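Secondary and tertiary structure notes
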Amino acid sequence: ERQAVKTIVMDLNASYQSFVHRLFPNAQIVVDRFHIVQLVNRAFDNVRTSVLKGIQDKKSRPYKALKTNWRLFHLAQDKIDDTNTKYICGINEYMTQQNLIDLGLNESSTLKKVYETAHAIQQAIHNRDGESLTSILKNYIPMGNAMDTAISTLKKNRSSVVASCSSAFSNGAIEGINRKIKTLKRACYGFTNMSHFRTRILLIVK
């Protein structure tokens, strides 16, 4: 039965891969798309934090853009509003989302390159474009920051990473449910009755 398993979807944990091959010798390992995007986003945030620490004026516009509105830097390119001007909290100005992102990225050329790399990978994953993803990994030029480690990890698992573009399987839904359960536990400070906890979980995942 284990020999009949064709596909295993998992994260980038190397120790898991070592025994998966022994348990399921004929299965193709597919790195989950969720974890690929999470990896490059964490690398970007690591570089963003480093840039923030280097800004002396903590009240400057670039600092506020990178500090308070960090979620905008994770938006997919097609979801960024570059037309409508809105009041942006934190920076307390009227501008488009694209203006704010440009304001933060102009603070560091390295940060801008890391941002472009992260979004290029996300776009390739979203479009299920294995050739583009392979090209990005192959042509990446090290910059001496956290993105180097992320790209190195993806290169080591290149075949499994590229397979995520052609595979229909994903652990994204399960990861989302796990996140909701963890958030529920933090918000409620624990449950004395396990049945109540189970009921709340069923309510939030339906």
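Moving on, we get to the packing of aromatic side chains. Taken as a whole and assessed by the stated rule, the structure comprises five aromatic pairs. Between Tyr16 and Phe19 the ring centres are 6.0 Å apart and the planes differ by 65°, which places this aromatic pair in the edge-to-face class. Separated by three residues within a single helix, Tyr16 and Phe19 lie in helix 1 (residues 14-23), roughly one turn from each other. Among the aromatic side chains, those forming a connected cluster through ring pairs are Phe44, Phe73 and Tyr115.

Moving on, we get to the environment of His126. If you trace the backbone, His126 turns up in helix 5 (residues 109-126). Once the C-alpha coordinates of His126 and Val37 are considered, the two residues, 89 residues apart in sequence, prove to be 9.8 Å apart.

Of all the residues in helix 4 (residues 97-105), the buried ones are Gln97, Leu100, Ile101, Leu103, Gly104 and Leu105. Contacts from the buried residues of helix 4 go to helix 2 (33-54), helix 3 (61-68), strand 3 (86-88), strand 4 (93-95) and helix 5.

A separate point is the nonpolar core. Ranked by size, the top nonpolar core spans 39 residues in total, and within it Phe73, Leu100, Ile121, Met147 and Leu154 carry the most contacts. Put simply, the parts of the chain that give this core at least two residues each are helix 2, helix 3, helix 4, helix 5, helix 6 (130-139), helix 7 (146-156) and helix 8 (158-166). The residues touching Met147, leaving out its near neighbours within four places in the chain, are Val40, Ala43, Phe44, Val114, Thr117, Ala118 and Tyr140. Formed by five residues, the second largest nonpolar core is a distinct cluster that contains Met10, Val20, Ala27 and Ile29.

Let's shift gears to the packing of helix 3 against helix 4. As a packed pair, helix 3 and helix 4 sit with axes 8 Å apart at the nearest point and diverge in direction by 110°. For the element pair helix 3 / helix 4, the angle class is roughly perpendicular. Relative to helix 4, the crossing made by helix 3 is left-handed. Mapping the contact onto sequence places Arg61, Pro62, Ala65 and Leu66 in helix 3 and Leu100, Leu103 and Gly104 in helix 4. Of the residues belonging to the contact of helix 3 with helix 4, the class tally is five nonpolar, one polar and one charged.

Further remarks concern the pairing of strand 1 (residues 7-10). Pairing of strand 1 with strand 2 (residues 28-31), which is carried by four bridges, proceeds in the parallel orientation. Within strand 2, the residue paired with Thr7 across the bridge is Gln28. Read as a crossover between parallel neighbours, the route from strand 1 over helix 1 to strand 2 is right-handed.

Moving on to unusual backbone geometry. Despite not being glycine, Asn92 shows a phi value in the positive range, around 55°. Its location among the elements puts Asn92 in the loop between strand 3 and strand 4. Under the relative-accessibility criterion, Asn92 is labelled partly exposed at 46%. Of note, Arg128 is a non-glycine position whose phi angle comes to about 55°, a positive value.

The next thing to look at is the environment of Ser60. In this structure, Ser60 sits in the loop between helix 2 and helix 3. Residue Ser60 is classed as buried on the basis of its relative accessible area, which comes to 14%. Remark: the alpha-carbon pair of Ser60 and Arg186, spanning 126 residues in sequence, is separated by 34 Å. At 2.9 Å, the side chain of Ser60 and the backbone oxygen of Asp57 are in polar contact.

A rise of 1.5 Å per residue sets the reference length of helix 2, with its 22 residues, at 32 Å; its end C-alpha atoms lie 32 Å apart and thus fit the reference within 8%. Regarding helix 2, the residues found buried are Arg33, His35, Ile36, Val40, Asn41, Ala43, Phe44, Val47, Arg48, Val51 and Leu52.

So, on to a positive patch on the surface. Together, Arg179, Lys182, Lys185 and Arg186 give the surface a local cluster of positive charge. Within the element layout of this structure, Lys182 appears in helix 9 (residues 172-188).

Rules behind the numbers
Residues numbered from 1 in each chain as written. Predicted model: local features only at pLDDT ≥ 70, side-chain atom pairs only at ≥ 80, totals over all residues. Heavy atoms only, no water. Phe/Tyr/Trp six-rings, centres within 6.5 Å; stacked < 30°, edge-to-face > 60°. Helix = DSSP H or I, 4+ residues; strand = E, 2+ residues; numbered from the N terminus. Buried < 20%, exposed > 50% of the residue type's maximum accessible area, 1.4 Å probe, protein only. Contact = heavy atoms within 4.5 Å. Core = buried A, V, L, I, M, F, W, Y, C linked by side-chain atoms within 4.5 Å. Axes fitted to C-alpha atoms, helices over the stretch in contact; angles between N-to-C directions. Parallel < 35°, antiparallel > 145°, perpendicular 65-115°, else oblique. Left-handed = near helix turned anticlockwise from the far one by under 90°. Nonpolar A, V, L, I, M, F, W, Y, C, P; charged D, E, K, R; others polar. Pairing = 2+ DSSP bridges. Right-handed = clockwise from strand over helix to strand, strands pointing away. Polar contact = N/O pair within 3.5 Å; in protein donor to acceptor, adjacent residues only side chain to side chain. Expected span 1.5 Å × (residues − 1). Patch = residues over 30% accessible without salt bridge, like charges linked within 9 Å, V, L, I, M, F, W, Y side chains within 5 Å. Areas by Shrake-Rupley, 256 points an atom, 1.4 Å probe, with all protein chains shown as cover. Salt bridge = Lys/Arg side-chain N within 4 Å of Asp/Glu carboxyl O. Lys, Arg positive; Asp, Glu negative; His and termini not counted. Charge placed at Lys NZ, Arg CZ, Asp CG, Glu CD.

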